[in-house]
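Okay, here's what each chain looks like letter by letter:
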Amino acid sequence: MFKLNGTVFMPSVLTLIGIPGLESVQFWIGIPFCAMYIIALFGNCLLLVIIKSERSLHEPMYLFLAMLGATDIALSTCILPKMLGIFWFHLPKIYFDACLFQMWLIHTFQCIESGILLAMALDRYVAICDPLRHATIFTHKLLTQIGVGVTLRAALLVAPCLILIKCRLKHYLTTVVSHSYCEHMAIVKLAAEDIRIHKIYGLFVAFTILGFDIIFITLSYIQIFLTVFSLPQKEARLKAFNTCIAHICVFLEFYLLAFFSFFTHRFGLHIPPYIHILLSNLYLLVPPLLNPIVYGVKTRQIRDRMSKIFYSKDPS
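Positions within a chain are numbered from 1, following the residues in the order the chain's sequence is written. With pLDDT at 70 or above as the cut-off, local features in this predicted model cover only qualifying residues; side-chain atom pairs require 80 or more to be listed or tallied, and sums for whole chains, interfaces and linings still use all residues. As a rule here, side-chain values come from all non-hydrogen atoms in the structure, and water together with hydrogens is ignored.

Asker: Please explain the overall build of the protein chain as it appears in this structure.
Answerer: Runs of H or I in DSSP of at least four residues are treated as helices and runs of E of at least two as strands, each being numbered from the N terminus. Across its full length, the protein chain holds 10 helices and six strands. Whereas a compact globule of 316 residues would reach a radius of gyration of roughly 20 Å, the protein chain reaches 22 Å, a difference of no more than 12%. Dimensions of the protein chain, computed from C-alpha atoms along their principal axes, come out at roughly 75 × 50 × 35 Å. Expressed as a percentage of its 316 residues, the buried residues of the protein chain come to 50%. For the area figures, the Shrake-Rupley method with a 1.4 Å probe applies, and any residue is considered shielded solely by the protein chains shown. Just so you have it, the protein chain exposes about 15900 Å², and 71% of that area is on carbon and sulfur atoms. Every radius of gyration here is taken over C-alpha atoms, with the globule rule written as 2.2 Å times N^0.38, N being the number of residues. For every residue, the accessible area (1.4 Å probe, protein chains only) is compared with the maximum for its type, and the residue is labelled buried under 20%, exposed over 50%, or partly exposed between those bounds.

Asker: Hey, could you run me through the environment of Leu142 in this one?
Answerer: Tracing the backbone shows Leu142 in helix 5 (residues 140–168). As for Leu142 and Pro60, which are separated by 82 residues in sequence, their C-alpha atoms are 9.6 Å apart.

Asker: For this particular structure, what's the right way to read the sheet that holds strand 3 (residues 13–16)?
Answerer: Two strands in a sheet stick together by hydrogen bonds in their backbones, pointing the same way (parallel) or opposite ways (antiparallel). In this analysis, strands are considered paired if DSSP registers two or more bridges between them. Reading across the sheet, the three strands line up as 4-3-6 and stay open at both edges, with mixed pairing between neighbours. Edge positions in the open sheet fall to strand 4 (93–95) and strand 6 (176–177), since each of these has one partner strand only. Strand direction decides the pairing type here: strand 3 and strand 4, joined by three bridges, are antiparallel. Note on strand 4: the bridge partner recorded for Thr15 is Lys93. Docked against the sheet, helix 3 (residues 96–129) engages strand 3 and strand 4, running at close to 85° with respect to strand 4. Any pair of residues with heavy atoms lying within 4.5 Å of one another is described as a contacting pair. Comment: axis = line fitted to C-alpha atoms, over the contacting stretch for helices; angle = value between 0 and 180 degrees taken between N-to-C directions.

Asker: Please clarify how the layout of surface pockets should be interpreted in this entry.
Answerer: Put plainly, a pocket is an open set of points on a 1 Å grid over the protein atoms alone with protein on both sides within 12 Å along at least five of seven lines, a cavity is a set where a 1.4 Å probe fits but cannot get out, and a lining residue has an atom within 4 Å of a point. Grid points are joined across faces, edges and corners, and a volume is the space filled by probe spheres set on the points. Here the largest pocket defines a volume of roughly 560 Å³. Lining the largest pocket are 22 residues, and of these Arg124, Lys239, Asn242, Thr243 and Gln301 sit closest to its centre. Sorting the residues of the lining of the largest pocket by element identifies helix 2 (60–89), helix 3, helix 8 (234–267), helix 9 (273–298) and helix 10 (300–311) as the ones contributing at least two each. Broken down by element, the lining of the largest pocket gets its largest block of residues, seven residues, from helix 8.

Asker: Explain unusual backbone geometry to me, please; I cannot follow it from the model alone.
Answerer: Working note: non-glycine residues mostly have negative phi, and peptide bonds are mostly trans. Of note in this structure, Met10 is not a glycine but carries a positive phi near 45°. Topologically, Met10 is positioned in the loop between strand 2 (7–9) and strand 3. Of note in the backbone geometry, His90 takes a positive phi value of approximately 50° without being a glycine. Examined against the element boundaries, His90 turns out to sit in the loop between helix 2 and strand 4.

Asker: Whenever I open this one, the state of the cysteines confuses me. Can you help?
Answerer: Note: disulfide means a covalent bond formed between the sulfur atoms of two cysteine side chains. A pair of cysteine sulfur atoms is labelled a disulfide when the two atoms are within 2.5 Å. Evaluation of the coordinates by the stated rule reveals one disulfide. Covalent S-S linkage joins Cys99 and Cys182, the inter-sulfur distance amounting to 1.9 Å. Disulfide Cys99-Cys182: torsion about the S-S bond near -115°, hence left-handed. Remark: Cys182 occurs in the loop between strand 6 and helix 6 (184–188) and Cys99 occurs in helix 3; sequence separation between them is 83 residues. For Cys182, a relative accessible area of 0% gives the class buried.

Asker: Explain the packing of helix 3 against helix 5 here, please?
Answerer: Think of two packed helices as two axes; the pair is described by the angle between the axes and how far apart they sit. It is at 8 Å that the axes of helix 3 and helix 5 come closest, and there the two elements cross at 145°. Relative to helix 5, the crossing made by helix 3 is right-handed. Classifying every residue of the contact of helix 3 with helix 5 by side-chain character gives 18 nonpolar, five polar and three charged. Two helices cross in a left-handed way if the nearer one is turned anticlockwise from the farther one by less than a right angle. They cross in a right-handed way if the turn is clockwise. Three classes are used: nonpolar for Ala, Val, Leu, Ile, Met, Phe, Trp, Tyr, Cys and Pro, charged for Asp, Glu, Lys and Arg, and polar for all others, with Gly counted as polar.

Next comes the structure, spelled out in structure tokens:
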């Protein structure tokens, strides 16, 4: 790494400063973040254990939920250890290639989560609108194909972001990243060269994956609601609606945070930088924290199994 005309040529190490403007209180911010991570890790691991051990939960809805839990664990683990290293142990340095790899992992897992939410919405659509064909459509083979397809879609569409940075951007104005983790635009903005293609491709990926998924999820739930409200019996309507409540909560929580963080980072020029960073951190930490809580509270089978684990008494 050396400087040329005031720029840094192909830096080998970057510096993550954490939350710009809040450096003096980052130690204290790390405490609730760490608590959120531990709760998310425990909740999602418990969810995976319950679904694996209970044969009655080996159904598409719960298997998709297991995929979501595994993705949440991976996503939060990609950022929290390094973030806490910055906040608590003053370890801001990260190798440039390691930073790009973290960026690829984070955005890939975000896209996988979006794909799983779409699959869950389609599963509920078939279960409510065409229940007689649900078992023949959502076979274990199809679930495997969906899991592989969602993962490949995310990995392949996010990979060019990494390749473009590595191959096109050689000169950087600074090696200091004003972020607590390696985010695509935070790295791209360090470059001294034209970054329009990086911005355009980032928007393309966001709207291709998140935009596509949110449109089809919305259409699925519109059709579900039309079907539910056309049911003649009130009890049947309530039962069908209740099966969708947890999915709707998770769907809103994920996409509202995603789009708010996405647009404020790119177009919120008058919003203080620490607001951008805090929103980005919450977007990655809140869904893994809330997902097992929402499904644990709203899904009777999971709630019953949790009750057996925590409140079972020895008959002797």
